[in-house]
Amino acid sequence: MAEVEAAKTPKPAGGKGKGKGKKDVPLDNLYSRRDFFSYAGWASFMAALGLSSLYFLRLLFPRVLFEPSPVFKAGMPGDYTVGEVSTKWVKAQRVWIVRDDEGIYVIFALCTHLGCTPRWLRTENKYKCPCHGSGFTKQGINFEGPAPRALERLKIAVAPDGQLIIDKSKKFLYEKDEWGKPEAKLKM
Ligand code: FES
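Procedures and definitions
- Residues numbered from 1 in each chain as written.
- Predicted model: local features only at pLDDT ≥ 70, side-chain atom pairs only at ≥ 80, totals over all residues.
- Helix = DSSP H or I, 4+ residues; strand = E, 2+ residues; numbered from the N terminus.
- Contact = placed C-beta atoms within 7 Å.
- Core = buried A, V, L, I, M, F, W, Y, C linked by C-beta atoms within 7 Å.
- Buried ≥ 20, exposed ≤ 12 C-beta atoms within 10 Å, placed from the backbone.
- Pairing = 2+ DSSP bridges.
- Axes fitted to C-alpha atoms, helices over the stretch in contact; angles between N-to-C directions.
- pLDDT = per-residue confidence, 0-100.

A. Spatial organisation of the overall build of the chain. Scanning the chain from N- to C-terminus turns up 4 helices and 11 strands. Of the contacts formed within the chain by residues at least 6 apart in sequence, a portion of 41% connects residues at least 24 apart.

B. Representation of the nonpolar core. Counting 23 residues, the largest nonpolar core has Val95, Trp96, Val106, Ile107 and Ile156 as its most contacted members. Those elements giving two or more residues to this core turn out to be strand E3 (95–99), strand E4 (103–108), strand E9 (153–158) and strand E10 (164–172). Broken down by element, this core gets its largest block of residues, 5 residues, from E4. With near-sequence residues (within four places) excluded, Val95 lies in contact with Trp89, Val90, Val106, Ile107, Phe108, Ala109, Leu154 and Ile166.

C. Region of the structure containing the sheet that holds strand E6 (residues 126–128). A sheet is described by the order of its strands in space; here 4 strands give the open sequence E5-E6-E7-E8, paired in antiparallel fashion. Since the sheet does not close on itself, it has two edges, and those belong to strand E5 (119–121) and strand E8 (142–144), each with one partner. Shown here is a sheet whose adjacent strand axes are inclined to one another by a mean of 35 degrees, direction ignored. Bridge count between E6 and strand E7 (residues 135–137): 3 bridges; the pairing is antiparallel. Pairing of Lys126 across the sheet is with Thr137, part of E7.

D. Up close: the pairing of E9. One ladder, built from 2 bridges, connects E4 with E9; its direction is antiparallel. Residue Val106 lies in a different strand from E9, and its bridge partner there is Leu154. Two successive antiparallel strands, E9 and E10, enclose a turn made up of 5 residues, where Gly162 displays a positive phi of approximately 90 degrees.

E. Main features of the confidence of the model for the chain. For the chain, per-residue confidence averages 86 on the pLDDT scale, and residues scoring 70 or more make up 82% of the total. Here residues 1–9 is a poorly scored stretch, pLDDT under 50, and it has 0 contacts once near neighbours within four places are set aside; other chains count. Per-residue pLDDT stays below 50 along residues 12–21; that stretch engages in 3 contacts with residues further than four places along the chain or on separate chains.

F. Region of interest: the environment of Val90. By the secondary structure assignment, Val90 is in helix H4 (residues 90–93). You can call Val90 partly exposed: it has 18 C-beta atoms within 10 Å. For the pair formed by Val90 and Trp120, sequence separation is 30 residues and the distance between their alpha carbons is 9.8 Å. If we ignore the near neighbours within four places in the chain, the residues touching Val90 are Val95, Trp96 and Ala109.

G. Representation of unusual backbone geometry in the model. One non-glycine residue, Arg94, lies in positive phi territory at about 60 degrees. Its location among the elements puts Arg94 in the loop between H4 and E3. Phi at Asp177 is positive, roughly 60 degrees, even though this residue is not glycine. You can see Asp177 is positioned in the loop between E10 and strand E11 (186–187). Taking the number of C-beta atoms within 10 Å as the measure of exposure, Asp177 has 9 and is therefore exposed.

H. The arrangement of the environment of Arg122 in detail. Residue placement: Arg122 occurs in the loop between E5 and E6. In this structure the C-alpha to C-alpha distance between Arg122 and Glu84, which are 38 residues apart in sequence, comes to 8.9 Å.

I. Molecular detail of the pairing of E3. Judged by how many residues are buried, E3 sits mostly within the fold: 5 of 5 residues are covered. The two faces of E3 match: Val95, Ile97 and Arg99 on one face and Trp96 and Val98 on the other face are all buried. Pairing analysis gives 2 bridges linking strand E2 (residues 85–86) to E3, with the strands arranged antiparallel. Each bridged residue has a counterpart across the sheet, and for Val85 the counterpart in E3 is Val98. Strand direction decides the pairing type here: E3 and E4, joined by 5 bridges, are antiparallel.

As structure tokens, then:
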């Protein structure tokens, strides 16, 4: 009976190739293909969701540049000899510590021309910039070359433990008559 029904069923129009191809697709393959597209769709959706969540989280934590503290301890006042320029902190902190008869002050080792690091020339008793030849006295005043102004001095104080504490964020400018301020020099 079933064979008779099959024989009566008209063949699909469109030629033998098309109809035959559709009819021959195994059911298992059809489902697995559907599953594949379904999974792929979900995977794309989840990936998009994950990326947008990451982007949102990124907005919550803006890029912050963590810079080293401008404050550092420079040892005990007794570590510095009267009449000397200490170059001990030039490499790590870019400062010279100078002690004279009155006290201790700190000079920022940054040339006021274009920002190179001058060198302390002990025998010539001056700071000399290797870039364009500016020269500064032991106190930091410009006297030769293109530097337009004196070197800057930095805040100095004594910490509770007795050590010198230097704050590079606080500067004192000669041209503004700030070198006489109490924090610009530690009286000894
Ligand atoms: S940067 Fe020092 S003289 Fe030019």
